[in-house]
Amino acid sequence: IGTKSKLSCISRPRRFGKSFAAQMLCAYYDCSCDSHEIFDNRDIAKTDGYLEHLNQYHVINLDITGFISETKRSRGSLADIPDKIVAAIHGELKDLFPEIPAGGSLAADMVYCVETTGRKFVFIIDEWDALIREAKNDAETQKRYLNLLRKWFKSNSFTPKVVAAAYMTGILPIKKDGSQSAISDFTEYPILDPSES
């Protein structure tokens, strides 16, 4: 992870350990815990940058299927999910950093956190494409969700300042969602080509 955000999307069929890998990355990057005991005896500890990145970032961990399930349970609209995601992150951010000035947007408050703590954010998004699949006949809901991702990961005024990395898992390859311009900066690792080597 350098000055440029590292954006990765891991596309795999169901039951291929995507969620487990996402949870492992949360434990590695999250500055709110000490993960030495988990990783010090693993191969990753021998790599360059191991200690440089271990527990050094604010982590935003999202499971998009959870938002869908809760919205369906409450008989809400899928179109409201992007706003619910923003509200959930914003609420937790304000709980963790009560000194954040009132009235700011989520983006502004995240910039404030980076500037005051010196730590950028790592986004871990599990099943990123669940809303795309669930709202497959609802272009407006898809557009609202993809606009949210675009604001986070393709904004020259936000992404370089705030996002150290993003790791997304899903079933659909990015190019098959019909909207690659929204998140085209991601490096994709599909099951047929799982690594750069």
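The structure this text deals with has already been given above.
Residues numbered from 1 in each chain as written. Predicted model: local features only at pLDDT ≥ 70, side-chain atom pairs only at ≥ 80, totals over all residues. Heavy atoms only, no water.

*Asks:* Tell me about unusual backbone geometry, and name the residues and values.
*Replies:* Located in the positive-phi region is asparagine 55, a residue other than glycine, with phi close to 55 degrees. Looking at the secondary structure, you find asparagine 55 in the loop between α3 (50-53) and β2 (58-63). On the basis of relative accessibility, which here comes to 9%, the residue asparagine 55 falls in the buried class. You will see that arginine 75, though not glycine, has its phi angle at about 60 degrees, which is positive. Owing to a relative accessible area of 78%, arginine 75 belongs among the exposed residues under this scheme. (Helix = DSSP H or I, 4+ residues; strand = E, 2+ residues; numbered from the N terminus. Buried < 20%, exposed > 50% of the residue type's maximum accessible area, 1.4 Å probe, protein only.)

*Asks:* Explain helix α4 (residues 64-73) to me, and be specific about the residues and the numbers.
*Replies:* Taken together, the buried positions of α4 are occupied by Ile64, Phe67, Ile68 and Thr71. Down the axis of α4, the buried set is contained in an arc of 100 degrees. They therefore lie on one face. Buried residues in α4 make contact with β2, α5 (81-96), β3 (121-126), α7 (130-134) and α8 (139-153). Arginine 75 occupies a position one or two residues after α4 and carries a positive phi of about 60 degrees. (Arc of directions from axis to C-beta. Contact = heavy atoms within 4.5 Å.)

*Asks:* Before we move on, can you summarise the pattern of salt bridges with the specific residues and values?
*Replies:* Overall, the coordinates contain six salt bridges when judged by the stated rule. Aspartate 83 is the salt-bridge partner of arginine 144, the closest N and O atoms lying 2.7 Å from each other. A residue pair is termed long-range when its members are at least 10 positions apart, and arginine 144 in helix α8 and aspartate 83 in helix α5 qualify at 61 residues. With relative accessibility at 27%, the residue arginine 144 sits in the partly exposed group. Under the relative-accessibility criterion, aspartate 83 is labelled partly exposed at 43%. Note that arginine 133 is salt-bridged to aspartate 129, the shortest N-O span being 3.4 Å. Given the relative accessible area of 24%, arginine 133 is considered partly exposed. (Salt bridge = Lys/Arg side-chain N within 4 Å of Asp/Glu carboxyl O.)

*Asks:* Now, about the state of the cysteines: what can you tell me, with residues and values included?
*Replies:* Tallied over the entire structure, the rule returns zero disulfides. Take cysteine 33: it sits in no disulfide, and the sulfur closest to it among the cysteines is that of cysteine 31, at 8.2 Å. (Disulfide = S-S within 2.5 Å.)

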